[in-house]
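Here are the chains, one letter per residue:
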Amino acid sequence: MTQLQGKKILLAISGSIAAYKMPELVRRFVKAGAEVKVIMTASAADFVSPLVLNTVSKNQVLNAVHEAASWNNHVALGRWADVMLVAPCSANTLAKLANGLCDNLLCAVYLSSTCPVFIAPAMDEDMWAHPATKRNLETVRSFGNKIIPVGYGELASGLIGEGRLAEIENIVAEVEAFLQENTSSVFNGQKVLITAGPTYEKLDPVRFIGNHSTGKMGIALAQIFAEQGAEVKLVLGPTSLRPKHPSITTVSVESASEMLVAAEQDFSDFDIAIFAAAVADYRPQKMATQKIKKTDEALEIKLQRTVDILKTLAARKSADQTIVGFALETQNEEENARKKLQEKAADMIVLNSLRDIGAGFGHDTNQVTIFRVDGKEEKFPLQSKTDTARAIVQSIIDYRNAKKNV
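First, a word on what this report is: a plain description of the structure on this page. The structure displayed is predicted, hence computed values, not measured ones.

Parameters at a glance
Residues numbered from 1 in each chain as written. Predicted model: local features only at pLDDT ≥ 70, side-chain atom pairs only at ≥ 80, totals over all residues. Heavy atoms only, no water. Pairing = 2+ DSSP bridges. Helix = DSSP H or I, 4+ residues; strand = E, 2+ residues; numbered from the N terminus. Axes fitted to C-alpha atoms, helices over the stretch in contact; angles between N-to-C directions. Contact = heavy atoms within 4.5 Å. Buried < 20%, exposed > 50% of the residue type's maximum accessible area, 1.4 Å probe, protein only. Right-handed = clockwise from strand over helix to strand, strands pointing away. Left-handed = near helix turned anticlockwise from the far one by under 90°. Nonpolar A, V, L, I, M, F, W, Y, C, P; charged D, E, K, R; others polar. Patch = residues over 30% accessible without salt bridge, like charges linked within 9 Å, V, L, I, M, F, W, Y side chains within 5 Å. Areas by Shrake-Rupley, 256 points an atom, 1.4 Å probe, with all protein chains shown as cover. Salt bridge = Lys/Arg side-chain N within 4 Å of Asp/Glu carboxyl O. Polar contact = N/O pair within 3.5 Å; in protein donor to acceptor, adjacent residues only side chain to side chain.

With respect to the sheet that holds strand 10 (residues 191–196)
Spatial ordering of the open sheet is given by 14-13-10-15-18-19-21-22, a layout of 8 strands whose pairing is mixed. The sheet is open, and its two edges are formed by strand 14 (248–252) and strand 22 (377–379), each paired on a single side. Taking the axes of each pair of neighbouring strands and ignoring which way they run, one obtains an average angle of 15° across the sheet. Relative to strand 14, strand 13 (residues 231–236) runs parallel, the two being bridged by 5 bridges. The partner of Lys233 across the bridge, within strand 14, is Thr249. Sitting on the sheet, helix 13 (residues 385–404) touches strand 15 (272–275), strand 18 (322–329), strand 19 (348–353), strand 21 (369–372) and strand 22, and the angle it makes with strand 21 is about 20°.

Below you can see the structure in the form of structure tokens.
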């Protein structure tokens, strides 16, 4: 398995004759297990066919912020990727990136991206040697972007010199080496607690009060944190699903009280605690010791509140801990989420609504809004639960960084 396996690469192609090489680059990334999305400038289409890129990437190629009545969400694209690669990067596009210009989709995504950005320049020798190009190159480098060195050889003008796009294998190697060095380092040495799945509160030996949660969202979060170096404890309610990463320790529980016991064990040792489980709010006052037999009479069962795990443990948090709760709502969603954020003393609440098609229990997709105690709110489109988990993890990183800088 390569470091590119499962990674999301956003390839941004500008108007350089070297763009004709990009289908091969996409093919290499895809063959190595990466998912590739392609955006391109209008002039790039003069050098490489969008149809070919559609075919090799298996994703729609985008080249405008809006097309007909459709808006291409540049913010979502910038957050989707693990790596953004601008290749080839023409002198014109390099100048725009250096100066914050935003007159096309490529520049809009670049300015919105939260992932590492690689820039692979390609231009003729005299353009490459011009002081303006050198200044722009140093400017984008100062922003933290990674520059893939140009090659030496025959250029489109017929000259021989520097400015040639780096060889495809060199570009792939640069990106892979970076991912190998950085993928597992974000949460190295940190511990993350996650609750997931439903809880079952027994009525009798064969019946229970529960819900339709599968645990997919919490498991996806555990997987992303583990991939980024964290030691994860996953307290998982009744579900057949299991995570696969070796850095995840799964503790299986059934009831809300069992989930609390497992979650509060060594709670002070965790840097981040995420309460994604769909905990049953009520349980029977008394559980029947034998199966309740059916009769012609109405059956009345007295219920009592289960423990509020999020509120209980958030009340014990230290200043260095980050607490994240989930809210699944069916009405007055945002109002209820903000209320929960305050009442539960959490740092963040992740809201999803059962009124959003494709969100909630059982789906492989989710659509969430994140509310932070510092007042910031972020809305995300419908996407896979893995991508939603990535967005939540990135929001946690952003929140913790902002908190450090206060």
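Having put the structure on the table, let's press on.
Some details on unusual backbone geometry
The omega torsion across Ala87 and Pro88 is -15°, close enough to zero to call that bond cis. In this structure, Pro88 sits in strand 5 (residues 83–89). The backbone of Lys58 shows a phi angle near 65°, a positive value even though the residue is not glycine. Among the structural elements, Lys58 can be located in the loop between helix 2 (50–57) and strand 3 (66–67). With a relative accessible area of 68%, Lys58 lands in the exposed category. For Ala345, which is not glycine, the phi torsion reads 60° and is therefore positive.

Observations concerning the pairing of strand 1 (residues 8–13)
For strand 1, a buried count of 6 out of 6 residues is recorded, marking the element as mostly surrounded by other parts of the structure. Residue alternation in strand 1 divides its side chains into two sets, Lys8, Leu10 and Ala12 and Ile9, Leu11 and Ile13, and both sets are buried. With helix 1 (residues 22–31) bridging strand 1 and the parallel strand 2 (residues 35–40), this β-α-β connection has right-handed handedness. Bridge analysis of strand 1 against strand 5 gives 4 bridges, and the strand direction is parallel. Bridging from a neighbouring strand, Ala12 pairs with Val86 of strand 5.

A few points about the sheet that holds strand 1
One open sheet accounts for 5 strands, arranged 2-1-5-6-7; its pairing is parallel. Each edge of the sheet is formed by a strand with only one pairing partner; in this case those strands are strand 2 and strand 7 (146–147). Where helix 4 (residues 91–99) meets the sheet, its contacts fall on strand 5 and strand 6 (117–121), and the angle it forms with strand 5 comes to roughly 140°. Here helix 5 (residues 105–112) sits on the sheet in contact with strand 1, strand 2, strand 5 and strand 6, set at roughly 145° to strand 5.

Digging into the environment of Glu343
On the secondary structure map, Glu343 appears in helix 12 (residues 333–343). Taking the C-alpha atoms as reference, Glu343 lies 21 Å from Ser395; in sequence the two are 52 residues apart.

Focus: the packing of helix 4 against helix 5
In the contact formed by helix 4 and helix 5, the axes pass within 10 Å of each other and the chain directions differ by 35°. The element helix 4 and its partner helix 5 pack so that their crossing is right-handed. The segment helix 4 lies against helix 5, with Thr93, Lys96 and Leu97 engaging Leu106, Cys107 and Tyr110. Each residue belonging to the contact of helix 4 with helix 5 can be placed in one class, and the counts come to 4 nonpolar, 1 polar and 1 charged.

Quick word on a nonpolar patch on the surface
A cluster of nonpolar side chains, Tyr282, Leu299, Ile301 and Leu303, forms an exposed patch at the surface whose accessible area comes to about 380 Å². Under the relative-accessibility criterion, Tyr282 is labelled partly exposed at 41%.

Examining helix 5
Most of helix 5 sits inside the fold, with 7 of its 8 residues counted as buried. All buried positions along helix 5 are accounted for by Leu105, Leu106, Cys107, Ala108, Val109, Tyr110 and Ser112. Contacts made by the buried residues of helix 5 are with strand 1, strand 2, helix 3 (74–80), strand 5, helix 4 and strand 6. Between the side-chain oxygen at the start of helix 5 and the backbone nitrogen of Leu106 there is a gap of 3.2 Å, and the oxygen is on Asn104.

A short note on the pairing of strand 2
The pairing of strand 1 with strand 2 spans 6 bridges and is parallel. Bridging across to strand 2, Ile13 finds its partner in Met40.

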